[in-house]
Amino acid sequence: QKEVEQDPGPLSVPEGAIVSLNCTYSNSAFQYFMWYRQYSRKGPELLMYTYSSGNKEDGRFTAQVDKSSKYISLFIRDSQPSDSATYLCAMSVNTGNQFYFGTGTSLTVIP
Amino acid sequence: DGGITQSPKYLFRKEGQNVTLSCEQNLNHDAMYWYRQDPGQGLRLIYYSQIVNDFQKGDIAEGYSVSREKKESFPLTVTSAQKNPTAFYLCASSIGEARANVLTFGAGSRLTVL
């Protein structure tokens, strides 16, 4: 079983839709939960991270962590064509150098 | 602005040649990493370094070498021993222990073997 599972998509939505991206994980020791956006041929850009459980909001983006279900989500409200990218989830324990990545979900927002 | 600079962006290599990818950061981060990204496979760790003059192998270190002579710099050499080197290479850094354990990435270097 992989440490982190992420549906690769592709996901295609109309402009203005609410997008939900999800990852599941198996290691209950994970404490940091990250979401990255990666445009084609570019490096991943850190969108948001949360520590432990709960929600975090930044503009149109909301990250949720449910540690009891080992499930994290990224919601994008009022999606825009510029949100078209691959979204990667990543996780780590409190300290150390081990980071675990999902394989990424490809999102297209259609104008 | 602080960040990670990778160069070159695109690199072509003939079979049998060694090539070195540069990674420089001005974030004052202690830890640095090299990942390889292939379509459909996600990110795989090649090497990482927690401090100067120290580094550890990741999951796919064979055919690669690194050095960490300065805190800011972590170059990766792709040797001729790497059987399938064509890939997108990403350098990353993190602030270090006991702080927010998240990664910051560079823009990447695309290596193509001719």
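This one's a predicted model, so the numbers in the text were calculated from it and none came from an experiment.

A. Inspection of the overall build of chain A at higher detail. Helix and strand counts for chain A stand at zero helices and eleven strands. Relative to the compact-globule value of 13 Å for 111 residues, chain A shows a C-alpha radius of gyration of 13 Å, a close match. Across its three principal axes, chain A shows a C-alpha extent of roughly 40 × 25 × 20 Å. For chain A, buried positions account for 41% of its 111 residues. Contacts in chain A between residues at least 24 apart in sequence constitute 55% of all its contacts with a sequence separation of at least 6. Accessible area of chain A: about 5200 Å², with a carbon and sulfur share of 47%.

B. Representation of the environment of Gly63 of chain B in the model. Residues and elements named next belong to chain B. As for its position among the elements, Gly63 is in the loop between β6 (54-57) and β7 (64-66). Look at Gly63 and you get buried, because its relative accessible area is 11%. When the C-alpha atoms of Gly63 and Pro85 are compared, they prove to be 8.7 Å apart, with 22 residues separating the residues in sequence. Once residues lying within four places of it in the same chain are set aside, the contact partners of Gly63 are Thr77, Val78, Thr79, Ala81 and Gln82.

C. Looking closely at the state of the cysteines. Applying the stated criterion across every chain, the model contains two disulfides over all chains. The disulfide bridge from Cys23 of chain A ends at Cys89 of chain A, spanning 2.0 Å between sulfur atoms. Since a negative S-S torsion denotes a left-handed disulfide, the Cys23 of chain A-Cys89 of chain A link at about -105° is left-handed. Here the residue Cys23 of chain A occupies a position in strand β3 (residues 19-25), and Cys89 of chain A occupies one in strand β9 (residues 85-92), the gap between them amounting to 66 residues. The burial state of Cys23 of chain A is the same as that of Cys89 of chain A; both residues are buried. Here Cys23 of chain B is linked by a disulfide to Cys91 of chain B, with a sulfur-sulfur distance of 1.9 Å. Of note, the bridge from Cys23 of chain B to Cys91 of chain B carries an S-S torsion of about -75° and is left-handed in sense. A residue pair is termed long-range when its members are at least 10 positions apart, and Cys23 of chain B in strand β3 (residues 19-25) and Cys91 of chain B in strand β9 (residues 87-94) qualify at 68 residues.

What counts and what doesn't
Residues numbered from 1 in each chain as written. Chains lettered and ligands numbered in written order. Predicted model: local features only at pLDDT ≥ 70, side-chain atom pairs only at ≥ 80, totals over all residues. Heavy atoms only, no water. Helix = DSSP H or I, 4+ residues; strand = E, 2+ residues; numbered from the N terminus. Rg over C-alpha atoms; globule rule 2.2 N^0.38 Å. Buried < 20%, exposed > 50% of the residue type's maximum accessible area, 1.4 Å probe, protein only. Contact = heavy atoms within 4.5 Å. Areas by Shrake-Rupley, 256 points an atom, 1.4 Å probe, with all protein chains shown as cover. Disulfide = S-S within 2.5 Å.

Just distances and angles here, no functional claims.
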